[in-house]
Amino acid sequence: MSTAVSPQSPETLAVGTDARPLRVAVIGSGPAGVYAADILTKSEEVKNGLVVAIDLFDRYPAPYGLIRYGVAPDHPRIKGIVNALHKVLDRGDIRFFGNVDYGTDLTLEDLQAHYDAVIFATGAIKDADLNIPGIELDGSYGGADFVSWYDGHPDVPREWPLEAKEIAVLGNGNVALDVARVLSKHAEDLLVTEIPENVYEGLKKSPVTDVHIFGRRGPAQVKFTPLELRELSHSKDVDIVLYPEDFEFDEASDEAIKTNNQIKTMVGTLTNWLVDQDDDAEPASRRLHLHFLHNPVEITGDDGKVTGITFERNELDGTGNARGTGEFVDYPVQAVYRSVGYFGSALPDVEFDHRRGVVTNDGGRVLGADGTHVPGLYATGWIKRGPVGLIGHTKGDALETITNLLEDRVNLPAASVPGTDKVVELLDSRGVEFTSWEGWLELDAHEKALGAAASAAGPVQRERVKVVPREDMVSVSRGSAAAVVGR
Ligand SMILES: Cc1cc2nc3c(=O)[nH]c(=O)nc-3n(C[C@H](O)[C@H](O)[C@H](O)COP(=O)(O)OP(=O)(O)OC[C@H]3O[C@@H](n4cnc5c(N)ncnc54)[C@H](O)[C@@H]3O)c2cc1C
């Protein structure tokens, strides 16, 4: 039997026209996903007449990914970026579908049926592993889990055990700084931000006196950025403590300080703090210690609970790398947070590089098991490049991915069900409670109103209070805010 299509059927229309736009799905509304959508809509091809229809999906009702669920609440300058992303999505030419999980609510097959191209921008939310004895003890935590808690991630428990007086944070990147700063800061100083009530209440009860950050290499090898490092000294009633024996510089360090302004600035900041330590000054009630050349070898415990941590002292080997000295040192701590990096999660039906934690890709073109491009599939952001770099870096990722997608344009496998409403019908038929951009605007306004109400009731101006349980987020986004408030 013939399966010929009628002349008016979507299959026969030229893709990229008003009648049959190029249909693109972006999975993940973090910065990488939003930048990719924005860059595509502003491309030369679109300026020259290519018509695109972009649907942006996220598993949460709120957009912006790690900007909302990773960036520390006391980083207000990120607001400028949020405003810019908001403007992109508020234009109305990119549809937002929140509360839609790729792999559960939509499969790859569904996406390939409805779209000509799919861009994965699913980022990373988990901690990289650290395999040392004792890592499983009660009181040993992943920094990413703590970050998710203080940022009000809807899928993590509302309570966080903050019982330790002395805490070790393992890692020498910006996330370790965030974790250590939030752990050591007085809760009142975070009230001005958007932290949820449960986070404020939890931090207020913390008995912490000493937070120790440990890095494996020297001060010239830290992975911090200068602004984030300097910010440590802005916490009220928290002293920064450094140790002269950790200030070791090998040939590679000297070279790095000479040739890299960022490293020079950070080594300068650390050295000034070391020199300026004033033993006679009035001591703060909390301390933040920065240790270098410490390699964690074992978390020790008693009765299943963390009681300490053992490090081998390292030395630099001339190339900026560290090697063990055979000298061991113990610190009494009741909690350990590992912040040795994030790691991407595999996506159903997409080839995954388990060593790097990224979707297997070449310049954003997703590769199959045979190493060739799977037509129509792309990746961008942390899931493409790995979980390193600031928000700004995801713009470059997106540009490369979109350039390649547009280069492949004429060979994209055309969607078999390209109708604009078809995906909505599919989600409805599955009972998926998806949310929309208008729904996010409702939720945003609701959170700001909660912040205003808290400000009126208390002495501190709150910019917003996050609505955290997912069902409440969905409820507010889908127009039943009254039910949530009335609970
Ligand atoms: C703790 C922490 C603090 C940081 N602080 C800063 C900072 O102060 N300044 C700065 O510039 N950068 C900071 N960064 C880096 C910045 O967050 C990243 O560069 C950026 O968020 C990466 O963007 P992305 O879009 O690739 O991933 P993400 O931001 O992770 O976005 C991925 C999106 O995909 C969605 N998603 C995932 N899986 C699915 C699925 N199956 N279905 C549907 N949707 C899905 C997620 O919900 C999320 O919205 C920080 C990162 C971390 C971890």
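Just so you know, these numbers come straight off a predicted model, no measurement behind them.

A separate point is the overall build of the chain. Looking only at helices and strands, the chain has 17 helices and 20 strands in total. Taking 2.2 N^0.38 as the reference for a compact globule, 487 residues should give roughly 23 Å; the C-alpha atoms of the chain span a radius of gyration of 25 Å, in line with that estimate. For the chain, the residues scored as buried account for 55% of the 487 residues in total. At a minimum sequence separation of 6, the contacts of the chain that also span at least 24 residues come to 75%. The centroid of the 47 positive side-chain charges in the chain is displaced by 4 Å from the centroid of its 76 negative side-chain charges.

So, on to the site of the ligand. With respect to spatial proximity, 32 residues lie near the ligand, and among them Asp58, Leu66, His75, Tyr102 and Trp382 are the closest. The contact in question runs from a nitrogen atom of the ligand to an N or O atom on the side chain of aspartate 101, over 3.1 Å. In the model, an oxygen atom of the ligand is placed 3.5 Å from a nitrogen or oxygen of the leucine 390 main chain. Listed by contribution, the elements that provide at least two residues to the shell around the ligand are helix 1 (31-41) and helix 7 (174-184). Residues belonging to the shell around the ligand are distributed by class as follows: 17 nonpolar, 11 polar and four charged.

Glancing now at helix 8 (residues 197-204). Every α-helix winds through 3.6 residues per turn, so residues three or four apart in the chain are directed the same way. Of all the positions in helix 8, only Asn198, Val199, Tyr200, Gly202 and Leu203 are classed as buried. Summarising the contacts, the buried residues of helix 8 are in contact with helix 6 (143-150) and helix 7.

Phe146 and Tyr337 are the most contacted members of the largest nonpolar core, which has 51 residues in total. Of the residues forming this core, the biggest block, six residues, is contributed by helix 7. If sequence neighbours within four positions are ignored, tyrosine 337 has contacts with Tyr141, Phe146, Trp160, Pro161, Leu162, Ile167, Ala168, Val169, Leu170, Val179 and Leu183. Leu85, Ile119, Ala398 and Met473 belong to the second largest nonpolar core, which has 42 residues in total.

A surface patch of like charges, here negative, comprises Asp276, Asp278, Asp279 and Asp280. Locating aspartate 279 in the fold gives a position in the loop between helix 11 (261-276) and strand 10 (286-291). Judged by relative accessible area, which is 77%, aspartate 279 ranks as exposed.

Looking at where aspartate 408 falls in the secondary structure, it is placed in the loop between helix 13 (393-407) and helix 14 (422-429). A relative accessible area of 14% places aspartate 408 in the buried class. Within the structure, the side chain of aspartate 408 is placed 2.6 Å from the side chain of tyrosine 378, a separation counted as a polar contact. Look past the residues within four positions of aspartate 408 in its chain and what remains in contact with it is Arg365, His373 and Tyr378.

Pairing in this open sheet of six strands is parallel, and the strands run 6-14-7-8-10-9 from one edge to the other. The two strands at the open ends of the sheet, each matched to only one other strand, are strand 6 (140-142) and strand 9 (238-242). Neighbour-to-neighbour, the strand axes of this sheet turn through a mean angle of 20°, independent of strand direction. Relative to strand 8 (residues 210-214), strand 7 (residues 166-170) runs parallel, the two being bridged by five bridges. Across the sheet, the residue bridging to alanine 168 is histidine 212, located in strand 8. Across the sheet, helix 7 touches strand 7, strand 8, strand 9, strand 10 and strand 14 (335-338), and the angle it forms with strand 8 is around 175°. Along the sheet face, helix 11 touches strand 9 and strand 10 and points at about 100° away from the line of strand 9.

As a further point, take the packing of aromatic side chains. Applying the stated criterion across every chain, the model contains 21 aromatic pairs. Between tyrosine 60 and tyrosine 69, the aromatic rings sit 5.6 Å apart at their centres with planes inclined by 65°, giving edge-to-face as the arrangement. Tyrosine 69 sits in the buried class, given a relative accessible area of 3%. The interplanar angle of 65° and the centroid separation of 5.0 Å between the aromatic rings of phenylalanine 214 and tyrosine 331 together place this pair among those described as edge-to-face. Pair noted here: phenylalanine 214 is in strand 8 and tyrosine 331 is in strand 13 (residues 322-332), with a separation of 117 residues, a long-range link.

Moving on, we come to the environment of alanine 53. Inspection of the secondary structure assignment puts alanine 53 in strand 2 (residues 52-57). Residues alanine 53 and threonine 41, spaced 12 residues apart in sequence, show a C-alpha to C-alpha distance of 8.8 Å. The contacts of alanine 53, once residues within four sequence positions are left out, are Pro21, Leu22, Arg23 and Val24.

A residue-level look at the chain finds 96% of positions with pLDDT of 70 or above and a mean pLDDT of 93. Per-residue pLDDT stays below 50 along residues 1-8; that stretch engages in five contacts with residues further than four places along the chain or on separate chains.

Quick notes on the rules
Residues numbered from 1 in each chain as written. Predicted model: local features only at pLDDT ≥ 70, side-chain atom pairs only at ≥ 80, totals over all residues. Heavy atoms only, no water. Helix = DSSP H or I, 4+ residues; strand = E, 2+ residues; numbered from the N terminus. Rg over C-alpha atoms; globule rule 2.2 N^0.38 Å. Buried < 20%, exposed > 50% of the residue type's maximum accessible area, 1.4 Å probe, protein only. Contact = heavy atoms within 4.5 Å. Lys, Arg positive; Asp, Glu negative; His and termini not counted. Charge placed at Lys NZ, Arg CZ, Asp CG, Glu CD. Near = heavy atom within 4 Å. Polar contact = N/O pair within 3.5 Å; in protein donor to acceptor, adjacent residues only side chain to side chain. Nonpolar A, V, L, I, M, F, W, Y, C, P; charged D, E, K, R; others polar. Core = buried A, V, L, I, M, F, W, Y, C linked by side-chain atoms within 4.5 Å. Patch = residues over 30% accessible without salt bridge, like charges linked within 9 Å, V, L, I, M, F, W, Y side chains within 5 Å. Areas by Shrake-Rupley, 256 points an atom, 1.4 Å probe, with all protein chains shown as cover. Salt bridge = Lys/Arg side-chain N within 4 Å of Asp/Glu carboxyl O. Pairing = 2+ DSSP bridges. Axes fitted to C-alpha atoms, helices over the stretch in contact; angles between N-to-C directions. Phe/Tyr/Trp six-rings, centres within 6.5 Å; stacked < 30°, edge-to-face > 60°. pLDDT = per-residue confidence, 0-100.

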